[in-house]
Amino acid sequence: MEWNARRLDVIEPSPTLAISAKAAELKKKGEDIVSFGAGEPDFETPTHIKEAAKKAIDKGQTRYTAVSGTVELRDAIITKFKRDNGLEYSRNQIIVGTGGKQVIYNFFLATLNPGDEVIIPAPYWVSYADIVRLAEGKAVIVPTTKEQQFRISPDQLEKAITPKTKVVVINSPSNPTGSAYTRKELEALAEVILKHKIMVLSDDIYESIVFDGFQFSNIAMLSPELKELTFVTNGVSKAYSMTGWRIGYGAGPLEIIRNMDTIQSQSTSNPSSISQAAAEAALTGDQECVKVMAQAFQKRRDLIVGLLNAIPGVEVNVPQGAFYVFPYLTGAYETDGFKKLQAASSETSKSKLFCAHLLDKYKVAAVPGIAFGDDYALRLSYAMGEEDIKKGVSRISDMVRDFSL
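Here the residue numbering is sequential within each chain, running from 1 through the sequence in written order. Residues qualify for local features only when their pLDDT is at least 70, as the model is predicted, and side-chain atom pairs are given and counted only at 80 or more; totals for whole chains, interfaces and linings, by contrast, use all residues. Hydrogens and water are ignored here; the side-chain numbers use all heavy atoms of the structure.

In the annotation of an unreviewed UniProt entry, the entry for the chain reads Aminotransferase, and the organism field reads Leptospira sarikeiensis. Recorded in UniProt under Cofactor (unreviewed entry), the annotation for the chain is "pyridoxal 5'-phosphate". UniProt positions are given in the numbering used here, feature names are shortened, and annotations may be inferred rather than shown by experiment.

Right, dumping it as structure tokens:
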């Protein structure tokens, strides 16, 4: 008897969650681990949001809600889109899920037929490709470079499109690189998208975490025609430090939302009623907390970029948003010490080998770049205190120096 479903053959467990779990396990054993692994703000959920959840409990809001979310939360999401993005949606064009990941998963289940192609620029968030494969689609990975700020060009997009192309993924600001598309860059991509009438999954989860006065735009904001081709997904996890509350949401064409609702009705049904009340408070309340957190992340970004670029053999771009850096290790890989480590190991991925040695010998957890489609780098989340950033980067510097000795 074969117990395992064959669909599992095409996916792997989330490497970011695996790294974070291993770091947590080592910390419990008393080891001094600096973890750059989890994409999770280290701030407390703002007080007014927690109070809204407590009030919801006291008022008995503990029963099932509509599958797509409460009327109050969906109306708050409608208000958010109009306020922040100039986009207008009706209530039946909004769906709320148990985290942004479920919303994306349900979107692909609702839109892909076997063999449909989804263009995913690399480096990419670790789950996109595996979710596409679970939905019986084909992930078409288009590599981008450090020199082009990890942003797909119109020419690359044009060349990747085939008669089977159904969706292109645009994640801006990006996990893992922090790169973000300007409005002008989106307009150039939009010409190709409109020419071929392909759909866009616009993952805006880091929309509010932008730096240096960067003006966020998504492709749905450019024209009514593009809005009809775009499914926008967002959530409260990153902007409001609500990762454990598990609320994501999406907006798009009515038919897609209706199909996603059907899928969700046969899987999880509605998200937590209490978390929905908290999310409503987050979206409708004072937004100053979002700005304060973004300012803190910008300060940390400046710190970690400066420290990393001071390490010989390491290069990192300056991110426009999110809370990640994606340092390139080309020079470090060329050291005699790393080559000896590679020769003694059966691991073929350079970034996996680098990160394994970093955790084992230098007590720093980081996610290998290969998990995001680029083996020359690693991802570091700087959603942590400045002293931990300094300590962790100092240890990375020690390891690279030791490779050079």
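Right, let's get into helix 7 (residues 183-196). Labels follow the DSSP assignment, with helices taken as runs of H or I lasting at least four residues and strands as runs of E lasting at least two, numbered in each case from the N terminus. One less than the residue count of a helix, multiplied by 1.5 Å, gives the span that helix is expected to have. Across its 14 residues, helix 7 extends 20 Å between first and last C-alpha, which sits within 8% of the 20 Å expected from 1.5 Å per residue. All of the buried residues along helix 7 are Leu186, Leu189, Ala190, Val192 and Ile193. For helix 7, the elements touching its buried residues are helix 6 (154-160), strand 5 (165-171), strand 6 (199-203) and helix 8 (224-228). Positive phi shows up at lysine 197, right after helix 7, with a value of about 55°. Accessible area is worked out with a 1.4 Å probe on protein chains only. A residue is then buried under 20% of its type maximum, exposed over 50%, and partly exposed in between. Note on definitions: a residue-residue contact is assigned when non-hydrogen atoms from the two residues lie within 4.5 Å.

Taking strand neighbours across the sheet as the criterion, the 3 strands line up as 9-12-11 in an open arrangement whose pairing is antiparallel. Two strands close off the open sheet at either side, each with one partner strand: strand 9 (324-325) and strand 11 (367-368). Where strand 11 lies against strand 12 (residues 378-381), 2 bridges are found, and the strand directions are antiparallel. Note that in strand 12 the partner of proline 368 across the bridge is leucine 378. Pairs of strands are assigned from DSSP output, requiring at least two bridges between the strands.

Moving on, we come to the side chain of serine 381. Within the secondary structure, serine 381 is located in strand 12. In this structure serine 381 comes out as buried when scored by relative accessible area, which is 2%. Each polar contact in these results corresponds to two N or O atoms within 3.5 Å; when the atoms are within protein, one needs to be able to donate a hydrogen and the other to accept it, and residues that are neighboring in sequence are counted only if both atoms are side-chain atoms. In terms of polar contacts, serine 381 uses its side chain to reach the backbone amide nitrogen of alanine 383, at 3.4 Å. Aside from chain neighbours lying at most four places away, what touches serine 381 is Phe36, Gly37, Ala38, Gly39, Phe323 and Tyr324.

Now for the sheet that holds strand 7 (residues 230-235). Two strands in a sheet stick together by hydrogen bonds in their backbones, pointing the same way (parallel) or opposite ways (antiparallel). Read from one edge of the open sheet, 7 strands run 2-8-7-6-5-3-4, paired in mixed fashion. The sheet is open, and its two borders are formed by strand 2 (94-97) and strand 4 (138-143), each paired with just one other strand. Taking each pair of neighbouring strands and ignoring which way they run, the sheet shows an average axis angle of 20°. Inspection of the sheet shows strand 2 paired to strand 8 (residues 248-251) by 4 bridges, in the antiparallel sense. Bridge pairing links glycine 97 to glycine 248 in strand 8. Orientation is described by lines fitted to C-alpha atoms, with helices fitted over the stretch in contact, and by angles between N-to-C directions that extend from 0 to 180 degrees. Helix-sheet contacts for helix 4 (residues 100-111) involve strand 2, strand 3 (117-122), strand 5, strand 6, strand 7 and strand 8, and the interaxial angle to strand 6 is about 175°.

Take the nonpolar core next. Throughout this description, the term nonpolar core refers to a set of buried Ala, Val, Leu, Ile, Met, Phe, Trp, Tyr and Cys residues connected via side-chain atoms within 4.5 Å. Among the nonpolar cores identified, the biggest contains 41 residues, and Phe36, Ile304, Leu308, Phe354 and Leu380 are the most heavily contacted of them. Put simply, the parts of the chain that give this core at least two residues each are helix 11 (288-309), strand 9, helix 12 (330-333), helix 14 (350-362), strand 12 and helix 15 (386-404). If you count residues domain by domain, this core takes at least three from each of domain 1 (6-44 + 288-404) and domain 2 (59-285). Ignoring any residue separated from it by four or fewer positions in sequence, one finds phenylalanine 354 in contact with Leu329, Ala332, Tyr333, Phe338, Leu378, Met399, Val400 and Phe403. Membership of the second largest hydrophobic core comes to 39 residues, among which are Ile19, Ile104, Tyr128 and Ile256. Segmentation of the chain into domains, including their bounds, is taken from an automatic or database domain assignment.

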